[in-house]
Amino acid sequence: MNNQDLSMANTCKEQTRLGFTRDTDNFLNTLFQIWDKLGMDDAQKKTRGEAARSHVKALMQNMISEEENLMSRLAKTITEFTEKLDQLCEELSLPHIRVSADLTMIQREKLLRTKVDLMSKEKNDRLAKYKELHAKDQELCDCLNVTPYYLPSGAVPSLEQLKECEKHVNQLQVEKDKRFSEFTATKRKIVDLYNLLEMDPESSFGHDLVCEDDTAFQLSTKNMDQMKDLLESLTMLNDEMITEVEDLWERLKALWNRLEISDIDREAFETNKKGHGKAVIEALKSEIVECEKLKFENMRKFIDGIRNELKSWWSKCYFSKEQRDQFKGFYEDECTEELLSKHEEELEKIRKYYSSAKDLFERLSHRDELFQKMIVMEEEAHNVNRYKNRGGKLLQEEKTRKKVLKEIPKVEEEIAEVVLKWESSTGKEFRLNGLRYPQFIENEWNNFHEHKEQQKQSRLQARAKQTHDEMLYGSKASISMTPSKRKLQPVNTPIRTPLKTRKMNDMTRTPNTTSKLPNSSRFHSTLLSSPFGRKPLYTPKTPCNTSSRKRRSIRLIERAATERRAATCRRKSRDATFSHTTVSSDDRAAPALAAHGSYTDFANGLSKPNCRSSVVPTAFTPLQKH
């Protein structure tokens, strides 16, 4: 105690003592007054006074004993709380709490009691939290078949341990959710595969997986691995059955084709034969067995069918004639089972070869399609009828042609890389029609350019021959396939004067031709035909409505050309024909003469030729290649 506390205690004690003295004096005075009134002598007063003092003394001693007992109990409580507080600190992994020695027993007891209560509550909270986490951890561990979070039995978890345990539980929950999601997806696939394959689970694990409830399945690592293995095995079995069904269908269709089975029988069998389940496989096998029986009964037909298939496969695989001739049985005529077996073995061999480089042959087929498309487009580019273009067709063809020409080199480069990989992996040479791939491509391009050059030379020769014939015999009236910019006005076009009407109606005569020749009624000139017509003599100054304009039909043009050719032939047959420029006496030549111009025009054309037919025939000179 400090001096202030000590002085306060002395003051309290002095006040209590004065109070006791004052009360004792009052009690004694009162007692002696009573005793005096009773008339007691001094001895009696002394006796009674000693008795009163003894009572007071006994009372004070009892009070002191009680206070001492209280003090001892308080000291014991302090000791217990101190020990319990130390134990709690140790259990809770907290530093020990030391109470100051300056505190009184009551203060120490109160402080220790408060600390113990707080520590006990902390302990209970930790235990409750751990109990909850432990229960959840145990459930997850049972589901995932993993080891629970370890904590010594009876120990109070520390805060770090609780955090680690909670983290562990959360990780297990995430893992469970992940595995459950994977489990449901995998189970769905497995059930679908069982239904697709028309099978029931054979193992107990598969039966439990399919039949039991999802929540009852243990998501252990072992079970998950077994489930994945089961899915892989079913997937492989599914692929094998798909391949088997495809092979069976291919074999069966080949047998049908060779045996010439009718479409009605084929459709009847194919009914309800979808998928690749066990029932479909068994049905296919049974049908193949029946066809195999018929095969030996129709040996010749069957061998011919296989030979047709071999030709198709040889073409797909780009076999050269030397490679095809290596199969000697192809040319044997005697039909035996041995020959049939040889054909089947050769067919299976070529199929395996095609399968080993299927991707490569598909790329080659795509390249051939592009190459053939390019050839067709090159041929169409020189077709006269292609200029009937409407709606941008020519522009679209040009875009397509450029796209094809740009794509072919890329495809050829890709094929070259695939060929190198195939040759390095198999150790064999990949040949197309007996040539290595680079030589094969080079040969095709050379053939293409040679064919293109031959077509070009053919066109030039045809053009030169046409020019020569026109120079000798005159040109024929050409029927233009493209619309010309200027058309002759129809006969019934509105006109202004009768003179112009007569000129337009008299389309068989032109000015400065037969009208100016002497005796035009008796003499007519025979001229070379020119593909270029003269300009119309009359063009209306007022614009005409397009809808009212009538164009001369192709039929009329063809008929007029036919008449001119017939007239020319008749003129040639006459003995009176002098030359290509002699005036004829045939009255029927007047229409041709009016249509082709006057002799003066023809004479002018000799000095300034406007067309091939206006040139005097000379020695034929072939066209030069530019």
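Bear in mind the structure is a predicted one, so any value in this text is a computation, not a measurement. (Residues numbered from 1 in each chain as written. Predicted model: local features only at pLDDT ≥ 70, side-chain atom pairs only at ≥ 80, totals over all residues. Heavy atoms only, no water.)

Caption draft 1: Quick peek at the overall build of the protein chain. Counting its secondary structure elements, the protein chain contains 18 helices and four strands. The buried share of the protein chain, taken over its 626 residues, is 27%. On the protein chain, roughly 43,200 Å² of surface is accessible, and the fraction owed to carbon and sulfur atoms is 53%. (Helix = DSSP H or I, 4+ residues; strand = E, 2+ residues; numbered from the N terminus. Buried < 20%, exposed > 50% of the residue type's maximum accessible area, 1.4 Å probe, protein only. Areas by Shrake-Rupley, 256 points an atom, 1.4 Å probe, with all protein chains shown as cover.)

Caption draft 2: Molecular detail of the pattern of salt bridges. One pass over the full model with this rule turns up 26 salt bridges. When the shortest N-O distance is used, the salt bridge between Arg367 and Asp368 registers 3.6 Å. Just as Arg367 is buried, Asp368 falls in that class too. The salt bridge partner of Glu412 is Arg367, with a shortest N-O separation of 2.9 Å. One end of the pair, Glu412, is in helix H13 (residues 393–426); the other, Arg367, is in helix H12 (residues 358–380), and 45 residues separate them in sequence. For Glu412, a relative accessible area of 13% puts it in the buried group. (Salt bridge = Lys/Arg side-chain N within 4 Å of Asp/Glu carboxyl O.)

Caption draft 3: Inspection of the packing of aromatic side chains at higher detail. Evaluated as defined, the whole model comprises 19 aromatic pairs. With 6.4 Å between their ring centres and 10 degrees between their planes, Tyr318 and Phe361 make a pair best called stacked. In this pair, Tyr318 is assigned in the loop between helix H9 (299–316) and helix H10 (321–325) and Phe361 in helix H12, connecting sequence segments 43 residues apart. The same class applies to Tyr318 and to Phe361, which are both buried. Where Trp445 meets Phe448, the ring centres are 5.9 Å apart and the plane angle is 85 degrees; that geometry is what we call edge-to-face. Highlighted residues: Trp445 and Phe448, both in helix H14 (residues 437–473), separated by three residues, approximately one helical turn. We classify Trp445 as partly exposed; its relative accessible area is 21%. With relative accessibility at 9%, the residue Phe448 sits in the buried group. Among the aromatic side chains, those forming a connected cluster through ring pairs are Trp313, Tyr318, Phe319, Tyr353, Tyr354, Phe361, Trp422, Phe430 and Phe440. The aromatic ring of Phe330 is capped on one face by Arg307, whose charged end is 5.6 Å from the ring centroid. (Phe/Tyr/Trp six-rings, centres within 6.5 Å; stacked < 30°, edge-to-face > 60°. Lys NZ or Arg CZ within 6 Å of the ring centre and 35° of its normal.)

Caption draft 4: Examining the packing of helix H11 (residues 337–356) against H12 more closely. As a packed pair, H11 and H12 sit with axes 4 Å apart at the nearest point and diverge in direction by 80 degrees. Classified by the angle their axes make, H11 and H12 are roughly perpendicular. Every residue of H12 that contacts H11 at Tyr353, Tyr354, Ser355 and Ser356 is listed here: Lys358, Phe361 and Glu362. When the residues that make up the contact of H11 with H12 are grouped by side-chain class, the tally is three nonpolar, two polar and two charged. (Axes fitted to C-alpha atoms, helices over the stretch in contact; angles between N-to-C directions. Parallel < 35°, antiparallel > 145°, perpendicular 65-115°, else oblique. Contact = heavy atoms within 4.5 Å. Nonpolar A, V, L, I, M, F, W, Y, C, P; charged D, E, K, R; others polar.)

Caption draft 5: Seen up close, the environment of Leu259. Here Leu259 is to be found in helix H6 (residues 221–259). When its relative accessible area of 8% is taken as the criterion, Leu259 is described as buried. In sequence terms Leu259 and Glu292 are 33 residues apart; their C-alpha atoms lie 9.9 Å from each other. With residues up to four places along the chain from it excluded, the contact list for Leu259 reads Cys291, Leu294, Lys295, Asn298, Lys301 and Phe302.

Caption draft 6: Representation of empty space enclosed by the protein. Inspection of the entire model under this criterion finds two cavities of 30 Å³ or more. Counted as a void, the largest cavity has a volume near 80 Å³. What lines the largest cavity is simply Ile375, Glu378, Glu379, His382, Phe448, His451, Lys452, Gln455 and Arg459. Going through the elements one at a time, H12 and H14 are the ones with two or more residues in the lining of the largest cavity. Sorting elements by how many residues they give to the lining of the largest cavity places H14 first, with five residues. Its residues assigned to classes, the lining of the largest cavity shows two nonpolar, three polar and four charged. (1 Å grid on protein atoms, 1.4 Å probe; cavity = no way out; pocket = protein on both sides within 12 Å on 5 of 7 lines; lining within 4 Å. Points joined across faces, edges and corners; volume = space filled by probe spheres on them.)

Caption draft 7: Main features of the layout of surface pockets. The calculated volume of the second largest pocket comes to roughly 620 Å³. Forming the walls of the second largest pocket are 21 residues, and the residues nearest its centre are Asp247, Glu250, Arg251, Glu348 and Arg351. Of all the secondary-structure elements, those providing two or more residues to the lining of the second largest pocket are H6, helix H8 (278–297) and H11. In terms of residue count, the dominant contributor to the lining of the second largest pocket is H6 (ten residues). Its residues assigned to classes, the lining of the second largest pocket comprises six nonpolar, two polar and 13 charged.

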